[in-house]
Amino acid sequence: MDAVRVALLREVLAGTEWPGAARRFAGALRASVVPARGGLLLVGTEAYEPWHLAAHLVDEAAWSGLPELAPVLVRHRARPGDPPHLAVGLGRLEAAGRGATLLVVAPERPEAGLLQRVHDARRAGATVLSLDGGDPEVRGLAHEALTVVEGAEVGLDTVQHLVSAAAGENSLPGPRGRRFRDRLSSLADRLTSPPPARW
């Protein structure tokens, strides 16, 4: 979703909690990602793979000059012949520890195996965030959660667009509080560079 559509979406949702909630969650996401450490891992449930969010975060990482926002998509059914960006399986969560950020997208209750892996990653020091449908166990594992219950004004897919767009905004703090000159230089680079490659 491009910036114009996101702006229209925010305008439609003005007066609801969603634009502000998405910005707060995106701020927590940006603040938790430590570039030199474990990076950002993105995982969904067996039935819901958040590849669309992964693609938007890759775009936002390129446009904002914050490569740490580009996630590693962790998949339930990754195969050895898949392209490298789609070939990371659940075993990657076992290596997540201090410095890693794990973003769990779970519209419904995940299977027990994923919950255990997320629990183990949290115990090892990873920061866990969740975009979820309200499952209490998922929320209990998350340091920061944004819940979209069934029947809300928006769906989980819409909230993912709001979060990914907000994560790349210059108004949010970066992981180490970038200086004004750094932000200005980054803006100049973005304005003069070609658009990022598509997912």
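Owing to the predicted nature of the structure, the values given are computational and were not obtained by experimental measurement.

### Some remarks on the environment of R117
Here is step 1 of the chain: Residue placement: R117 occurs in helix α4 (residues 112-123).
Here is step 2 of the chain: When the C-alpha atoms of R117 and R92 are compared, they prove to be 9.7 Å apart, with 25 residues separating the residues in sequence.
Here is step 3 of the chain: Discounting residues that sit within four places of it in the chain, R117 has contacts with L90, L93 and E94.

### Some words on empty space enclosed by the protein
Here is step 1 of the chain: Under the criterion given, the structure shown has 1 cavity of 30 Å³ or more.
Here is step 2 of the chain: Approximately 40 Å³ is the volume attributed to the largest cavity.
Here is step 3 of the chain: Along the walls of the largest cavity sit V104, P110, L114, L115, V118, V128, V138 and L141, which together make up its complete lining.
Here is step 4 of the chain: Residue assignment for the lining of the largest cavity shows that the elements contributing at least two residues are α4 and α5 (136-141).
Here is step 5 of the chain: If you tally residues by element for the lining of the largest cavity, the top one is α4, at 3 residues.
Here is step 6 of the chain: Considering only residue class, the lining of the largest cavity consists of 8 nonpolar, no polar and no charged.

### Considerations on the confidence of the model for the protein
Here is step 1 of the chain: Residue-level pLDDT values for the protein average 84, and 82% of them are 70 or greater.
Here is step 2 of the chain: Between the elements of the protein, mean pLDDT differs from a low of 58, seen in helix α7 (residues 180-192), to a high of 96, seen in strand β4 (residues 127-132).
Here is step 3 of the chain: Confidence drops under pLDDT 50 across residues 174-179; counting only partners more than four residues distant or on other chains, this segment forms 13 contacts.

### Focus on the nonpolar core
Here is step 1 of the chain: Judged by nonpolar contacts, the single largest core of 31 residues is most densely connected at W18, L103, L131, L146, V159 and V163.
Here is step 2 of the chain: Once residues lying within four places of it in the same chain are set aside, the contact partners of V163 are A22, F25, A26, L131 and L146.
Here is step 3 of the chain: Among the nonpolar cores identified, the runner-up in size contains 19 residues, and L41, A106, L114 and L141 belong to it.

### Structural notes on the sheet that holds strand β2 (residues 72-74)
Here is step 1 of the chain: Overall, parallel pairing links the 5 strands, which are arranged β2-β1-β3-β4-β5 in an open sheet. The strands lining the two open edges of the sheet, one partner per strand, are β2 and β5 (144-147). If you compare each strand with its neighbour and ignore which way they point, the axes differ by 20 degrees on average.
Here is step 2 of the chain: Relative to strand β3 (residues 100-106), strand β1 (residues 39-43) runs parallel, the two being bridged by 5 bridges. Along β3, the bridge assignment pairs L41 with L102.
Here is step 3 of the chain: In the packing of α4 onto the sheet, contacts are made with β1, β3 and β4, and the angle to β3 comes to roughly 155 degrees.
Here is step 4 of the chain: On the sheet, helix α6 (residues 156-167) packs against β3, β4 and β5 and is oriented at approximately 135 degrees with respect to β4.

### What to know about the pattern of salt bridges
Here is step 1 of the chain: In this structure the tally under the stated criterion is 7 salt bridges.
Here is step 2 of the chain: We note a salt bridge from R23 to E169, for which the minimum N-O separation is 3.1 Å. Placement of the pair is R23 in helix α2 (residues 18-32) and E169 in the loop between α6 and α7, with a sequence separation of 146 residues.
Here is step 3 of the chain: Of the charged contacts, one joins R117 and E94 as a salt bridge, the two residues approaching to 3.5 Å between their closest N and O atoms. Remark: E94 occurs in the loop between β2 and β3 and R117 occurs in helix α4; sequence separation between them is 23 residues.
Here is step 4 of the chain: Looking at R117, the relative accessible area reads 27%, which means it is partly exposed.
Here is step 5 of the chain: Since its relative accessible area comes to 59%, E94 is described here as exposed.
Here is step 6 of the chain: Beyond isolated ion pairs, a larger network of salt bridges with shared partners links R109, D135 and E137.

Definitions and cut-offs
Within each chain, residues carry numbers counting from 1 in the order of the written sequence. With the structure being a predicted model, the display of local features is reserved for residues of pLDDT at least 70 and the display and counting of side-chain atom pairs for 80 or more, all residues being used for whole-chain, interface and lining totals. Remark: hydrogens and water are excluded; side-chain values derive from all non-hydrogen atoms of the structure. Secondary structure follows DSSP: runs of H or I at least 4 residues long count as helices, runs of E at least 2 residues long count as strands, and numbering of each begins at the N terminus. What makes two residues a contact is simply this: any of their non-hydrogen atoms within 4.5 Å. We place a 1 Å grid over just the protein atoms. Points where a 1.4 Å probe fits but has no way out form a cavity, open points with protein on both sides within 12 Å along at least 5 of 7 lines form a pocket, and any residue with an atom within 4 Å of a point lines it. Grid points are joined across faces, edges and corners, and a volume is the space filled by probe spheres set on the points. Residue polarity follows a fixed list, in which Ala, Val, Leu, Ile, Met, Phe, Trp, Tyr, Cys and Pro are nonpolar, Asp, Glu, Lys and Arg are charged, and the others, Gly among them, are polar. Known as pLDDT, the predictor's per-residue confidence is scaled from 0 to 100. Among the buried residues, those of types Ala, Val, Leu, Ile, Met, Phe, Trp, Tyr and Cys that are joined through side-chain atoms within 4.5 Å form a nonpolar core. The buried label applies to any residue whose accessible area, calculated with a 1.4 Å probe on protein chains only, is under 20% of its type's maximum; exposed applies above 50%, and partly exposed to all values in between. Strand pairing requires that DSSP identify at least two bridges connecting the strands. In this description, a line fitted to the C-alpha atoms serves as the axis of each element, helices being fitted only across the stretch in contact, and the angle between N-to-C directions of two axes falls anywhere from 0 to 180 degrees. Just to be clear on terms, a salt bridge is a Lys or Arg side-chain nitrogen sitting within 4 Å of an Asp or Glu carboxyl oxygen.

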